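Overview (structure and organization)
Now for the letters of each chain:
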Amino acid sequence: MSKPTPLIAGNWKMNGLAASLDEARAIAGGLGATPARVAICPPAILIHRMAQALSGTAVLVGGQDHHWDDSGAFTGDVSAEMLVDAGAALAILGHSERRTGYRETDAVVAAKVQAALRAGLEPIVCVGETLEQRKAGDALAVVTGQVRGSLPAELAGRPFSVAYEPVWAIGTGLTPTTPEIEEVHRAIRETLVELFGDFGRTPPILYGGSVKPGNAAEILHADEVGGALVGGASLKAEDFLGIIRAL
Ligand code: 13P
């Protein structure tokens, strides 16, 4: 079976205003030939304008979260269909900042994944252990448990990816060693094959957490690493392009 097509996605989190669209244009303009699919996930309010700014380029636009229901009385929320309507092709779901800050459980994440699939969005499902869990030797159990709990059976045959983001590596400048990344990614792959059979070999498994131009080559070439989910370094075209070129 051929290797999954790599995906490199930028998670802008709660950063970016209309003026930041220039940065997105610079990313698309500087992309050149790459084996990766590239996506930027800006705040929801920017998706429509970013999709227009990037139309005709190879860069995809994604959301960072959406509700598990399709519509209704959910003040302040956006639905998966609204993201699609605005021009998004993907959605990050289950990011640790949502799991921790908004108490999203695996069941909530799985319901959001189902909503993404109903709307035709490609989910990027995030998993990752805390530093306490790693120190206790529980990293693999936590991560594979999140994979089992957050990925509904409806994903079979649909495009999606899993992003391994150790909570302690996000925004800290710390990264696991390459063997540590490979150990977790292999465990995720085994779990995907357990859940989905041979199809479980096809989704890329992204690494996220302090990916920078300087460490991208080593991380992106590690076994079972099929791309990256990039936070801070995706906000600057030069840094994001440096990561993409490291593939
Ligand atoms: P940083 O790249 O800023 O560490 O963020 C990683 C992340 O959370 C991407 O979703």
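In this text the structure is predicted, and so the values were computed from the model without any measurement.

Thresholds, definitions, all that
Residues numbered from 1 in each chain as written. Predicted model: local features only at pLDDT ≥ 70, side-chain atom pairs only at ≥ 80, totals over all residues. Heavy atoms only, no water. Helix = DSSP H or I, 4+ residues; strand = E, 2+ residues; numbered from the N terminus. Rg over C-alpha atoms; globule rule 2.2 N^0.38 Å. Contact = heavy atoms within 4.5 Å. Areas by Shrake-Rupley, 256 points an atom, 1.4 Å probe, with all protein chains shown as cover. Lys, Arg positive; Asp, Glu negative; His and termini not counted. Charge placed at Lys NZ, Arg CZ, Asp CG, Glu CD. Salt bridge = Lys/Arg side-chain N within 4 Å of Asp/Glu carboxyl O. Buried < 20%, exposed > 50% of the residue type's maximum accessible area, 1.4 Å probe, protein only. Core = buried A, V, L, I, M, F, W, Y, C linked by side-chain atoms within 4.5 Å. Axes fitted to C-alpha atoms, helices over the stretch in contact; angles between N-to-C directions. Parallel < 35°, antiparallel > 145°, perpendicular 65-115°, else oblique. Left-handed = near helix turned anticlockwise from the far one by under 90°. Near = heavy atom within 4 Å. Polar contact = N/O pair within 3.5 Å; in protein donor to acceptor, adjacent residues only side chain to side chain. Phe/Tyr/Trp six-rings, centres within 6.5 Å; stacked < 30°, edge-to-face > 60°. Lys NZ or Arg CZ within 6 Å of the ring centre and 35° of its normal. Pairing = 2+ DSSP bridges. Right-handed = clockwise from strand over helix to strand, strands pointing away.

**Let's talk about the overall build of the protein**
The number of helices and strands found in the protein is ten helices and eight strands. A compact globule built from 247 residues would reach a C-alpha radius of gyration of about 18 Å, and the protein, at 17 Å, matches this within 12%. Seen through its principal axes, the protein has C-alpha atoms that stretch 45 × 45 × 35 Å. Long-range pairs, those at least 24 residues apart, make up 72% of the contacts in the protein with a sequence separation of at least 6. Accessible area for the protein stands at about 10,800 Å²; split by element, carbon and sulfur atoms hold 53% of it. With 20 positive and 28 negative side-chain charges, the protein shows a separation of 2 Å between the mean positions of the two kinds.

**Things to note about the pattern of salt bridges**
Counted under the stated rule, the structure contains 16 salt bridges. With a shortest N-O distance of 2.9 Å, Glu 122 and Arg 37 are connected by a salt bridge. Of this pair, Glu 122 sits in strand 5 (residues 122-127) while Arg 37 sits in strand 2 (residues 37-41), and the two are 85 residues apart along the sequence. Relative accessible area serves as the criterion here: at 10%, Glu 122 is assigned to the buried category. In this structure, Arg 134 engages Glu 129 in a salt bridge whose closest nitrogen and oxygen atoms are separated by 2.7 Å. Residues joined by salt bridges that share partners form a network here, namely Asp 65, Arg 98, Glu 104 and Lys 112.

**Some words on the nonpolar core**
Counting 60 residues, the largest nonpolar core has Ile 40, Leu 151, Ile 188 and Leu 192 as the members making the most contacts within it. Beyond its immediate sequence surroundings of up to four residues, Leu 192 is in contact with Val 147, Leu 151, Phe 160, Val 162, Gly 197, Gly 200, Pro 203 and Ile 205.

**Let's talk about the packing of helix 9 (residues 213-220) against helix 10 (residues 237-245)**
The N-to-C vectors of helix 9 and helix 10 enclose an angle of 25 degrees; their axes lie 8 Å apart at closest approach. What the angle tells us is that helix 9 and helix 10 run roughly parallel. Where helix 9 crosses over helix 10, the handedness of that crossing is right-handed. For the pair formed by helix 9 and helix 10, the contact residues are Pro 213, Ala 216 and Leu 220 on the first element and Asp 239, Gly 242 and Ile 243 on the second.

**Overview of the site of the ligand**
In the vicinity of the ligand, 13 residues are found, and the nearest of them are Lys 13, His 95, Gly 171, Ser 210 and Gly 232. Within the side chain of Asn 11, an N or O atom sits 3.0 Å from an oxygen atom of the ligand. At 2.8 Å, a side-chain N or O of Lys 13 approaches an oxygen atom of the ligand.

**Quick word on the packing of aromatic side chains**
For the structure on display, the rule yields four aromatic pairs. With centroids separated by 6.3 Å and ring planes inclined at 50 degrees, the aromatic side chains of Phe 160 and Phe 199 adopt a geometry described as tilted. With Phe 160 in the loop between helix 7 (139-150) and strand 6 (161-164) and Phe 199 in the loop between helix 8 (178-196) and strand 7 (205-208), this residue pair connects regions lying 39 residues apart in the sequence. Residue Phe 160 is classed as buried on the basis of its relative accessible area of 2%. For Arg 98, the ring lying beneath its charged end belongs to Tyr 102, and the centroid distance is 3.9 Å.

**Comments concerning the pairing of strand 6**
With burial as the criterion, each face of strand 6 is covered, one bearing Ser 161 and Ala 163 and the other bearing Val 162 and Tyr 164. Sheet topology note: the strand 5/strand 6 ladder contains four bridges and is parallel. For Val 125, the partnering residue across the bridge sits in strand 6 and is Val 162. In terms of strand pairing, strand 6 meets strand 7 through three bridges, oriented parallel. Bridged to Val 162 within strand 7 is Ile 205. One crossover worth recording links strand 6 to the parallel strand 7 by way of helix 8, and it is right-handed.

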